[in-house]
Amino acid sequence: DQGAQEYHNCSSFKLFKSSINMFIPKANRIAVFSYLFREGVCVVKKDTVSPTHPQIEGATNLEVLNLMKSLESRGYVRVTFSWQHSYCYLTPEGIEYLRGYLALPAEIVPNTHKKAAGRPEGRDREEDKFGGEGKPAFRGGGDREYRSREGGFGRGGGM
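Reading guide: rules and limits
- Residues numbered from 1 in each chain as written.
- Predicted model: local features only at pLDDT ≥ 70, side-chain atom pairs only at ≥ 80, totals over all residues.
- Heavy atoms only, no water.
- Salt bridge = Lys/Arg side-chain N within 4 Å of Asp/Glu carboxyl O.
- Buried < 20%, exposed > 50% of the residue type's maximum accessible area, 1.4 Å probe, protein only.
- Helix = DSSP H or I, 4+ residues; strand = E, 2+ residues; numbered from the N terminus.
- Axes fitted to C-alpha atoms, helices over the stretch in contact; angles between N-to-C directions.
- Parallel < 35°, antiparallel > 145°, perpendicular 65-115°, else oblique.
- Left-handed = near helix turned anticlockwise from the far one by under 90°.
- Contact = heavy atoms within 4.5 Å.
- Nonpolar A, V, L, I, M, F, W, Y, C, P; charged D, E, K, R; others polar.

This part takes up the pattern of salt bridges. Counted under the stated rule, the structure contains 2 salt bridges. We note a salt bridge from Glu39 to Arg38, for which the minimum N-O separation is 3.9 Å. Judged by relative accessible area, which is 26%, Glu39 ranks as partly exposed. For Arg99, the salt bridge identified is with Glu96, shortest N-O distance 3.1 Å. Placement of both Arg99 and Glu96 in helix H5 (residues 92-101) is noted, with a separation of 3 residues, approximately one turn of the helix.

The following block contains the structure:
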């Protein structure tokens, strides 16, 4: 058998082991790539025996870990490792690669590249800074009348 003979001819097991590729079903690969493109980031715990990934349906944690490692080696994601978790950030080259792989139009961008929604419409901030007399609204009076110098039940005052 050719595989066993190839193993015996290798000088180290590590060399032979690294030449074996992991088979990842296409549906799982598309699920991982779709999640990564949609969010722009992916968190993967360094846990090779976990049967599922918490955010990605159908893919095992090992499959997600290996796909992120593969994308990192090609420069499509930037990985930061901390406390047994890999934080994978999509690079501009990775966005282009996944857009081609998933056949997505150029208008669709990851959530990390979308503009954040501005402040909700409401009261104007400039009017809130000062009270009616030009004094800051937080200096005395107003809704803070309950904090008088005398009385109260907290530290040092009271009955």
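Now that the structure has been shown, the text picks up again.
Moving on to the packing of helix H3 (residues 26-39) against H5. Geometry of a packed helix pair, given as the angle between the helix axes and the separation of the axes. Their axes nearest at 10 Å, the elements H3 and H5 cross at an angle of 135 degrees. Relative to H5, the element H3 lies oblique. In the packing of H3 onto H5, the handedness of the crossing is left-handed. The residues of H5 that touch H3, namely those facing Arg29, Ile30, Phe33, Leu36 and Phe37, are Ile95, Tyr97, Leu98, Arg99 and Tyr101. Here the contact of H3 with H5 is built from residues that sort into 8 nonpolar, no polar and 2 charged.

With that out of the way, let us pick up unusual backbone geometry. Phi angles above zero are rare outside glycine, and Gln84 is one such case at about 65 degrees. By the secondary structure assignment, Gln84 is in the loop between strand S2 (77-82) and strand S3 (85-90). Of the residues examined, Gln84 reaches a relative accessible area of 42% and is grouped as partly exposed. The phi torsion at Ala103 lies on the positive side, around 55 degrees, for a residue other than glycine.

The subject of this paragraph is the packing of H3 against helix H4 (residues 61-73). Running from N to C, H3 and H4 point in directions that differ by 65 degrees, and their axes come no closer than 11 Å. The handedness of the crossing between H3 and H4 is right-handed. From H3, Asn28, Arg29, Val32, Phe33 and Leu36 reach across to H4, where they touch Glu63, Val64, Leu67, Met68 and Leu71. For the contact of H3 with H4, the residue count by class is 7 nonpolar, 1 polar and 2 charged.

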